[in-house]
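The chain contents come next:
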Amino acid sequence: MAAITGARNIVTDADAMVPYLKEWRDLFRGKAQAVVRPGSTAEVAALVKLAAETGTTLVPQGGNTGLVGGQIPIAEGREIILSLQRLDAIRTVDAQGDTMIVEAGVTLQRAQEAAEQASRLFPLSLASEGSCTVGGNLSTNAGGTAVLAYGNARELCMGLEVVLADGRIWNGLRQLRKDNTGYDLKNLFIGAEGTLGIITAAVLKLFPLPAARATAFLAVPGPEEALALLNAAKAGAGGTLTTFELMSELCLEFVLRHAPGTRDPLSARSPWYVLMEVSSQSASGLDEAVETFLGEAMETGLVTDAAIAASLDQRAAFWALREHLSEVQRFEGGSIKHDVSVPLHATATFIRRASAVSEALIPGCRPLPFGHVGDGNVHFNVSQPVGGDKAAFLARWAELNSAVHAIVTELNGSISAEHGIGRLKRDLLPGVKDPVELALMRTLKQTLDPQGILNPGAMLA
């Protein structure tokens, strides 16, 4: 490996490897023989070819921000982490064609900034965008806050460059919006979590920068009213509805308690809140249209109070209430997580039923539903009872997951909306996947990675 990448790009010191071997929620801590840091697609290909020849297993890793452990090796230290962070070139930005080609190690924030410098928008947006990478975003088919308008990472990718399990390089970096020459191979690797091939570069889809944005923080009576408001806003808010985030009163309470500098934009507390953002290609008239829409929504009772951002600072303050939500939960003790999606019409039903079953199983627990309700994705997290024992609470993780996922399955939803399967949910797949679908997944893995050297133990047990 040192002959391929240079010795300085091989990490074997135990202390130096620590940042690569644990994820931020501390659910997974791994072991590895080494970390190798290639600096080009050719080096990745040479490393994978060497791994195939020697039967060495590799775990691809981007920014190490994944939430299901897919980037953490756990096979008793036999694996090697293949870090893609040095593949960080922005190869081209084509403003006229609304595309750019970036390497896998480019952070999402850098990709956004490169697009903006060309007066374009790359709309994928996540709380971890300063450190997560494009390769990881595509490998997990990341969602985020703008899926409602622009789709998941899959919808924002036009082509890929991928190193296959035998070391061959597939160059599929086509900047074409129409290409019907056979199978759409890129979609095999998007969302595959590095188990079928290693993404080294991608063609990303760009959009015109909005000329105006209107951001509002709203009080709503409940999830049912939030859904009615969502449907009304799609047609009548005066522009393109890009964000519609729901959170409970307890969510806001956690943020205000633990995130410095945050404050409640409204005059009184509400049981539920919505962060709504509308964009427009017209530079004028959007704020007025949104104000009119919200006035009508207040008259019908869908909204009980509203604040519209009057400046960029106010917009940032509204967004902070949502973006701090994941990190502040740790200050309240143990938290059992669920990243699920259900059909849009079933969102309120799911929240009510999942909250009830959680409180019945663990009296005193605190359900914390929030998320991208505009696309049916609910992060249904449950915090431990106040003053309870953290270890005893977290020991109920599988039991509570099973109860909540049973409701999701009954409502024809998914147990993983945007975080992926990784190692956290791999053993749950046989219970929720169609048997034929699961068999096809195994056949695909065996065909593309017959030696099982790419991310063994992730996704498929």
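Everything quoted here is computed from the prediction, not taken from an experiment.

*Asks:* What's the story with the sheet that holds strand S8 (residues 157-164) in this structure? I'm lost.
*Replies:* Strands sit in the order S5-S6-S10-S8-S9 across an open sheet of five strands; the sheet is antiparallel. Where the open sheet ends on each side, the last strands, each with one partner, are strand S5 (90-94) and strand S9 (169-172). Across this sheet, the average inter-strand angle for adjacent strands is 15 degrees, counted without regard to direction. Sheet topology places strand S6 (residues 99-103) next to strand S10 (residues 197-205); five bridges connect them, and they run antiparallel. Residue Ile 101 lies in a different strand from S10, and its bridge partner there is Val 203. Strand contacts of helix H3 (residues 41-54): S5, S8, S9 and S10, with the helix running at about 40 degrees to S8, the strand carrying the most contacts.

*Asks:* Would you mind going over the packing of helix H8 (residues 223-236) against helix H13 (residues 347-361) with me for this structure?
*Replies:* Packed helices, taken two at a time, are described by the angle between their axes plus the distance between the axes. The interhelical angle for the contact between H8 and H13, taken along N-to-C directions, is 160 degrees, at an axis separation of 8 Å. Judged on the interaxial angle alone, H13 and H8 are roughly antiparallel. The two elements H8 and H13 meet at a crossing, and its hand is right-handed. Packed against H8, whose contacting residues are Pro 223, Glu 224 and Leu 227, the element H13 presents Thr 347, Ala 348, Ile 351 and Arg 352 at the interface. Of the residues that constitute the contact of H8 with H13, the class distribution is four nonpolar, one polar and two charged.

*Asks:* Help me understand helix H10 (residues 286-300) in this model?
*Replies:* Every α-helical turn comprises 3.6 residues, leaving residues that sit three or four positions apart pointing alike. In this model H10 runs 21 Å from its N-terminal to its C-terminal C-alpha over 15 residues, within 8% of the 21 Å that 1.5 Å per residue would give. The secondary structure elements touched by the buried residues of H10 are strand S12 (212-220), H8, strand S14 (272-280) and strand S15 (305-308).

*Asks:* Would you explain a nonpolar patch on the surface in this entry?
*Replies:* A cluster of nonpolar side chains, namely Tyr 183, Leu 185 and Leu 188, defines an oily patch on the protein surface of about 340 Å² accessible area. Residue classification places Tyr 183 among the exposed positions, given a relative accessible area of 78%.

*Asks:* It is not clear to me how the pairing of strand S3 (residues 58-61) should be interpreted in this structure. Could you clarify?
*Replies:* Two faces, one strand: in a regular strand the side chains alternate between the faces of the sheet. The two faces of S3 match: Leu 58 and Pro 60 on one face and Val 59 and Gln 61 on the other face are all buried. Alignment of S3 against strand S4 (residues 80-83), held across four bridges, turns out to be parallel. Residue pairing in the sheet places Gln 61 in a bridge with Ser 83 of S4.

*Asks:* How should I be thinking about the pairing of strand S19 (residues 377-383) in this particular structure?
*Replies:* Counting buried positions over the seven residues of S19 gives seven, a clear majority of the element. Residues Asn 377, His 379, Asn 381 and Ser 383 of S19 are buried on one face, and the alternating residues Val 378, Phe 380 and Val 382, pointing to the opposite face, are buried as well. Sheet topology note: the strand S16 (residues 335-336)/S19 ladder contains two bridges and is antiparallel. Opposite Ser 335, over in S19, you have Ser 383 as the bridge partner. Sheet topology note: the strand S17 (residues 339-341)/S19 ladder contains three bridges and is antiparallel. In the strand pairing of S19, Asp 339 is matched with His 379. With antiparallel pairing between neighbouring strands as the criterion, strand S18 (residues 366-371) and S19 make up a hairpin whose turn holds five residues, including Gly 376 at a positive phi of roughly 80 degrees.

*Asks:* Just to check I follow, could you spell out the sheet that holds strand S1 (residues 10-11) for this structure?
*Replies:* Strand pairing in a sheet is mediated by backbone hydrogen bonds. Such pairs are either parallel or antiparallel. Strand order across the open sheet formed by four strands is S1-S2-S4-S3, with mixed pairing between neighbours. Strand pairing shows two members of the sheet lacking a second neighbour, S1 and S3, which therefore form its edges. When strand S2 (residues 34-36) meets S4, the two strands line up parallel, connected through three bridges. Paired with Val 35 across the two strands is Ile 81, which belongs to S4. Across the face of the sheet, H3 comes into contact with S2, S3 and S4 while running at roughly 155 degrees to S3.

*Asks:* Would you mind going over unusual backbone geometry with me for this structure?
*Replies:* Keep in mind that most residues, glycine aside, have a negative phi and that most peptide bonds are trans. One non-glycine residue, Asn 64, lies in the positive phi region at around 60 degrees. Here Asn 64 shows up in the loop between S3 and S4. Residue Asn 64 is classed as buried on the basis of its relative accessible area of 14%. Phi at Asn 141 is positive, roughly 50 degrees, even though this residue is not glycine. Note on placement: Asn 141 falls in the loop between helix H5 (134-139) and helix H6 (147-150). Classification of Asn 141 as buried rests on a relative accessible area of 14%.

*Asks:* What is the right way to read the pattern of salt bridges from this model?
*Replies:* Two side chains carrying opposite charge are able to pair once their charged atoms lie near each other. Summed over the entire model, instances satisfying the criterion amount to 19 salt bridges. One salt bridge connects Arg 91 with Glu 161, and the closest N-O pair in it is separated by 3.2 Å. With Arg 91 in strand S5 and Glu 161 in strand S8, this pair connects stretches of sequence that are 70 residues apart. Judged by its relative accessible area of 35%, Arg 91 is partly exposed. By relative accessible area, which is 8% here, Glu 161 ends up buried.

Calculation rules
Residues numbered from 1 in each chain as written. Predicted model: local features only at pLDDT ≥ 70, side-chain atom pairs only at ≥ 80, totals over all residues. Heavy atoms only, no water. Pairing = 2+ DSSP bridges. Helix = DSSP H or I, 4+ residues; strand = E, 2+ residues; numbered from the N terminus. Axes fitted to C-alpha atoms, helices over the stretch in contact; angles between N-to-C directions. Contact = heavy atoms within 4.5 Å. Parallel < 35°, antiparallel > 145°, perpendicular 65-115°, else oblique. Left-handed = near helix turned anticlockwise from the far one by under 90°. Nonpolar A, V, L, I, M, F, W, Y, C, P; charged D, E, K, R; others polar. Expected span 1.5 Å × (residues − 1). Patch = residues over 30% accessible without salt bridge, like charges linked within 9 Å, V, L, I, M, F, W, Y side chains within 5 Å. Areas by Shrake-Rupley, 256 points an atom, 1.4 Å probe, with all protein chains shown as cover. Salt bridge = Lys/Arg side-chain N within 4 Å of Asp/Glu carboxyl O. Buried < 20%, exposed > 50% of the residue type's maximum accessible area, 1.4 Å probe, protein only.

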